[in-house]
Protein chains: 2
Amino acid sequence: MNYQIELRHFIYFLAVAEELHYRKAAEKLFISQPGLSTQIKQMEEILGTQLFVRDKKKVSLTPAGEFLKKEVEFILNHLEQTKKQVKLIGEGQLGEVRIGFLGSAMQNVVPNLLLGLKEKYPTVHTTLEELSNRAQINAILADRLDLGFVRLSRVPKGLDVRPVFEDTFSLVLPAEHPLDEKNFKNINQVADEDFILFSQDYSPMYYDTVLSICEDSGFVPNVSHKSVHAQTIFKLVENKLGIAIVPTTLQHGFQMKVKFIEMKNIKQRAVLSMVWKTDNRNPALQKCMDLLMKL
Amino acid sequence: MNYQIELRHFIYFLAVAEELHYRKAAEKLFISQPGLSTQIKQMEEILGTQLFVRDKKKVSLTPAGEFLKKEVEFILNHLEQTKKQVKLIGEGQLGEVRIGFLGSAMQNVVPNLLLGLKEKYPTVHTTLEELSNRAQINAILADRLDLGFVRLSRVPKGLDVRPVFEDTFSLVLPAEHPLDEKNFKNINQVADEDFILFSQDYSPMYYDTVLSICEDSGFVPNVSHKSVHAQTIFKLVENKLGIAIVPTTLQHGFQMKVKFIEMKNIKQRAVLSMVWKTDNRNPALQKCMDLLMKL
DNA sequence: TCTATCTGATAATTCATACTTATTGATCAT
DNA sequence: ATGATCAATAAGTATGAATTATCAGATAGA
């Protein structure tokens, strides 16, 4: 007596409302006519309202039935759409990947990833945020970020890392500096100059690597300035306040009166890695990873 | 194997999505836990998507489940409303309009609408609820409300807004305050006093507008108290804990020892707007809108 | 006035399946 | 170990949505 409306009722109702004929509607639904009759009757009981007028020889909708027909059409359409969307999200087709990156990753890795995503999974949204190594790690741990691009060799437990891009280092000199690509042999030629480097706590790995480069040539650099912005470092070099060693890709994208000398012969490389939470189940992230494996 | 989704599934799903705990959800639904488990599992099979992650010791929603939860909330609300409407129409009524409003809309706009409706469409039912801006927007999106009266300049996609009433602002002062309509020239005469305002998150637009009024007179107000009730604000003013700036119509309907000075000369206006879902098909809402266009 | 033939509604029966209870396996805390 | 607490699984039950068979009423053609 005290049943609950079910979608079945709506589907049956719509068929009758369209056909205005029980037998035909039942045929269309591949059920028997008596079954349809009882279900519609039950529906009217649940709603407490007559939906059809069964006159002699013909069936028609009451005003309430007329209204319900429009609503049912909407509800069933909406449902169909929802089912589709749920499936897509489940497959990672829709959804969002929150990406963090170091400024130096913006030269090629991140743009390539975004282009690839746009092409292969145009329905995946991305948000971008430029953050320091440490800030990215914290954000990933706190699930404010899905994917980070950092220069770190070690990451906390629960996170995975994978190198995605290896870059040589370049010496950055003022445009008028006597050294150039031809007469440059070894970094110890500038052992006595002041060095401008990225801050130690902004990127410990970078800092250590640069020190090891100098060490390999037998000197300890005199670090006069530290900064977290490539822009600032180049500006300082331009103004002859020192020289710098940076990942080579950073030479693009800035307009400065400085020259770059790529140091291909040294073994150290600037490694950009991606980091993510091991148990991150964001399906859109998986798509990102697949793509990055191929870059 | 090839079942059909039913409303039962949605109701069960929502319970689990809310409790994130099968046994508790089952208790709430007055069914057994295994029954619930199998139904959810079946639902996931039908949709072809994982909705919950059953991790060791805890249940959580997948992104697809998160999305579905919002949709199911909407669908079930909409269905409940549809059932009501059908019943009303069946009884010869035109249906129901669910109206939300800010307290400050109760002075003239909402009562006028209700009177007009009662006169022209006596068969339209109305329900009223006083809600904040944000609560109204959420309720409209979730189909718990047909029409809202808010003070907002922007609304989410899928909603329409239309200004319905423009009001001047009034300065609210304790009855004994030296300033009055005659010697009042400019708001900067009270620049040094403490201000009591409606909370920022209750009505961002109001807050910004009041700040801009002060800014135009060259000062930043010292906001000592914030409240969501006009009553409270007036009481605080009455007790000389500060002065306030409110939409002028609020001066009616309260018995307080405060005086209002209407600031006709400033350009800012308190705009009350109506909001509704663009694709709301409630026929009773249409009648409401027709009426409001003429007010 | 008969039939023949439509309609949808009932009645009796069948059968699918949403439930139940009982149990298991896994994880945690003590 | 031991017990507590999860969700999942297994097996049996019972609800109610189906079926078939039939009925009652209306129309139309002789």
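As the structure is a prediction and not an experimental result, all values here were calculated from the model.

Reading guide: rules and limits
- Residues numbered from 1 in each chain as written.
- Chains lettered and ligands numbered in written order.
- Predicted model: local features only at pLDDT ≥ 70, side-chain atom pairs only at ≥ 80, totals over all residues.
- Heavy atoms only, no water.
- Axes fitted to C-alpha atoms, helices over the stretch in contact; angles between N-to-C directions.
- Helix = DSSP H or I, 4+ residues; strand = E, 2+ residues; numbered from the N terminus.
- Parallel < 35°, antiparallel > 145°, perpendicular 65-115°, else oblique.
- Left-handed = near helix turned anticlockwise from the far one by under 90°.
- Contact = heavy atoms within 4.5 Å.
- Nonpolar A, V, L, I, M, F, W, Y, C, P; charged D, E, K, R; others polar.
- Pairing = 2+ DSSP bridges.
- Near = heavy atom within 4 Å.
- Polar contact = N/O pair within 3.5 Å; in protein donor to acceptor, adjacent residues only side chain to side chain.
- UniProt positions renumbered as here; feature names shortened; annotations may be inferred.
- pLDDT = per-residue confidence, 0-100.
- Buried area = accessible area lost by both parts, 1.4 Å probe.
- Salt bridge = Lys/Arg side-chain N within 4 Å of Asp/Glu carboxyl O.
- Domains from an automatic or database assignment.
- Phe/Tyr/Trp six-rings, centres within 6.5 Å; stacked < 30°, edge-to-face > 60°.
- Buried < 20%, exposed > 50% of the residue type's maximum accessible area, 1.4 Å probe, protein only.
- Expected span 1.5 Å × (residues − 1).
- Right-handed = clockwise from strand over helix to strand, strands pointing away.
- Core = buried A, V, L, I, M, F, W, Y, C linked by side-chain atoms within 4.5 Å.

**Section: the packing of helix α1 (residues 7-19) of chain A against helix α2 (residues 22-29) of chain A**
Residue and element names in this part refer to chain A. One can describe the packing of α1 onto α2 by two numbers: an axis separation of 8 Å at closest approach and a directional angle of 130 degrees. Classified by the interaxial angle, the pair formed by α1 and α2 is oblique. Considering how the two elements wind past one another, α1 and α2 form a crossing that is right-handed. Seen from α1, the contacting residues are Ile11, Tyr12, Ala15, Val16, Glu18 and Glu19; seen from α2, they are Tyr22, Lys24, Ala25, Lys28 and Leu29. Of the residues in the contact of α1 with α2, the class split is seven nonpolar, no polar and four charged.

**A few points about the sheet that holds strand β9 (residues 222-227) of chain B**
Residues and elements named next belong to chain B. The strand order across the open sheet formed by five strands is β9-β8-β10-β7-β11, and the pairing between neighbours is mixed. The two strands at the open ends of the sheet, each matched to only one other strand, are β9 and β11 (258-263). Direction aside, neighbouring strands of the sheet carry axes that sit 30 degrees apart on average. In this structure, strand β8 (residues 194-198) lies alongside strand β10 (residues 243-247), joined through two bridges in parallel fashion. Each residue of the ladder has a partner; that of phenylalanine 195, found in β10, is isoleucine 243. Along the sheet, helix α8 (residues 230-238) contacts β7 (169-174), β8, β9, β10 and β11; its crossing angle with β8, the most-contacted strand, is approximately 170 degrees.

**What to know about the protein's contact with DNA strand C**
Neighbouring residues of DNA strand C: 20 residues in total, closest Tyr22, Arg23 and Ser37 of chain A together with Tyr12 and Ser32 of chain B. Protein-proximal atoms of DNA strand C, defined as those within 4 Å of the protein, fall in sugar or phosphate at a share of 74%. A distance of 3.0 Å separates a phosphate oxygen of DNA strand C from a polar atom in the side chain of histidine 21 of chain A. Contacts to DNA strand C include serine 37 of chain A, whose side-chain N or O atom sits 2.8 Å from a phosphate oxygen.

**Quick notes on the protein's contact with DNA strand D**
Near DNA strand D you find 21 residues, and of these Tyr12, Ser32 and Gln42 of chain A together with Tyr22 and Arg23 of chain B are the closest. Among the atoms of DNA strand D lying within 4 Å of the protein, the sugar-phosphate backbone contributes 69%. At 2.4 Å from a phosphate oxygen of DNA strand D is found a side-chain nitrogen or oxygen belonging to serine 32 of chain A. For the surface near DNA strand D, a count of residues per class yields eight nonpolar, seven polar and six charged.

**Topic: the UniProt feature "domain: HTH lysR-type" (unreviewed entry) in chain A**
When the UniProt feature table is mapped onto this chain numbering, "domain: HTH lysR-type" (unreviewed entry) sits at residues 5-62 of chain A. Within the segment residues 5-62 of chain A, helix and strand shares are 62% and 14% respectively, and the terminal C-alpha atoms sit 19 Å apart.

**Here we look at the confidence of the model for chain A**
Summarising the model, chain A shows a mean pLDDT of 89, and 99% of its residues fall at 70 or more. Per-element confidence in chain A is highest for strand β7 (residues 169-174) of chain A, whose mean pLDDT is 96, and lowest for helix α9 (residues 283-294) of chain A, whose mean pLDDT is 83.

**Examining the interface of chain A and chain B**
If you look at the interface, chain A gives 29 residues, while chain B gives 31 residues. When the buried surface of chain A facing chain B is broken down by residue, Phe67, Phe74 and Val86 of chain A rank first, second and third, together holding 20% of it. The salt bridge partner of arginine 281 of chain B is glutamate 71 of chain A, with a shortest N-O separation of 2.9 Å. Here chain A and chain B share seven residue pairs in polar contact (both at pLDDT 80 or more) between them. Put simply, the parts of the chain that give the side of chain A that touches chain B at least two residues each are α1 and α4 (63-90) of chain A. With 16 residues, the single largest contributor to the side of chain A that touches chain B is α4 of chain A. Grouping the amino acids of the side of chain A that touches chain B by side-chain chemistry returns 16 nonpolar, seven polar and six charged.

**A closer look at the domain arrangement of chain A**
For chain A, the assigned domains are domain 1 (7-90), domain 2 (95-165 + 272-294) and domain 3 (169-268). The C-alpha-based centres of domain 1 of chain A and domain 2 of chain A are spaced at 49 Å.

**Notes on the packing of aromatic side chains**
Taken as a whole, this structure holds 16 aromatic pairs over all chains when the rule is applied. Note on phenylalanine 198 of chain B and tyrosine 202 of chain B: the rings are 5.9 Å apart at their centroids and 25 degrees apart in plane angle, and the pair reads as stacked. Tyrosine 202 of chain B matches phenylalanine 198 of chain B in its accessibility class, with the two residues each being buried. Centroid distance phenylalanine 234 of chain B to phenylalanine 260 of chain B: 5.5 Å. Interplanar angle 85 degrees. Geometry classified as edge-to-face. Of this pair, phenylalanine 234 of chain B sits in helix α8 while phenylalanine 260 of chain B sits in strand β11, placing them 26 residues apart in sequence. Under the relative-accessibility criterion, phenylalanine 234 of chain B is labelled buried at 1%. Assessed through its relative accessible area of 15%, phenylalanine 260 of chain B is described here as buried. Clustering of aromatic rings is evident, with ring pairs tying together Phe169, Phe198, Tyr202 and Tyr206 of chain A.

**Here we look at helix α3 (residues 33-47) of chain B**
Between its terminal C-alpha atoms α3 of chain B stretches 21 Å, which fits the 21 Å expected from 15 residues at 1.5 Å a residue. Of the positions making up α3 of chain B, those classed as buried are Leu36, Gln39, Ile40, Gln42, Met43, Glu44 and Leu47 of chain B. Looking at the buried side of α3 of chain B, the elements it contacts are α4 of chain A together with α1 (7-19), α2 (22-29), β1 (52-55) and α4 (63-90) of chain B. With its phi angle positive at about 70 degrees, glycine 48 of chain B sits one or two positions after the end of α3 of chain B.

**So, the sheet that holds strand β5 (residues 147-150) of chain B**
Backbone hydrogen bonds are what pair the strands of a sheet, in a parallel or an antiparallel way. All names here are of chain B. Read from one edge of the open sheet, five strands run β4-β3-β5-β12-β6, paired in mixed fashion. Two strands close off the open sheet at either side, each with one partner strand: β4 (124-130) and β6 (159-167). Averaged over neighbouring strand pairs, the angle between their axes works out to 20 degrees when direction is ignored. In this structure, strand β3 (residues 95-101) lies alongside β5, joined through three bridges in parallel fashion. Considered in β5, the bridge of isoleucine 99 is made with leucine 147. The sheet strands contacting α4 are β3, β4 and β12 (270-277), and the helix crosses β3 at an angle near 130 degrees.

**Focus on the pairing of β9 of chain B**
All names here are of chain B. Sheet topology places β8 next to β9; five bridges connect them, and they run parallel. Bridge pairing in β9 links phenylalanine 195 to valine 223. You can see the chain leave β8, run along helix α7 (residues 204-216) and come back into β9, and the turn it takes is right-handed.

**Brief notes about the nonpolar core**
One finds Phe10, Phe13 and Phe52 of chain A together with Phe13 and Phe52 of chain B to be the most contacted residues of the largest nonpolar core, which totals 61 residues. Leave out the neighbours within four places in its chain, and phenylalanine 52 of chain B touches Phe13, Val16, Ala17, Leu20, Tyr22, Ile40, Glu44, Val59, Ser60, Leu61 and Thr62 of chain B.

**Describing the packing of helix α5 (residues 109-120) of chain A against α9 of chain A**
All names here are of chain A. Here α5 crosses α9 at 120 degrees, and the two axes come no closer than 10 Å. By the angle between their axes, α5 is oblique relative to α9. For the pair α5 and α9, the sense of crossing is right-handed. Contact residues: Leu113, Gly116, Leu117 and Lys120 in α5; Cys288, Leu291, Leu292 and Lys294 in α9. When the residues that make up the contact of α5 with α9 are grouped by side-chain class, the tally is five nonpolar, one polar and two charged.

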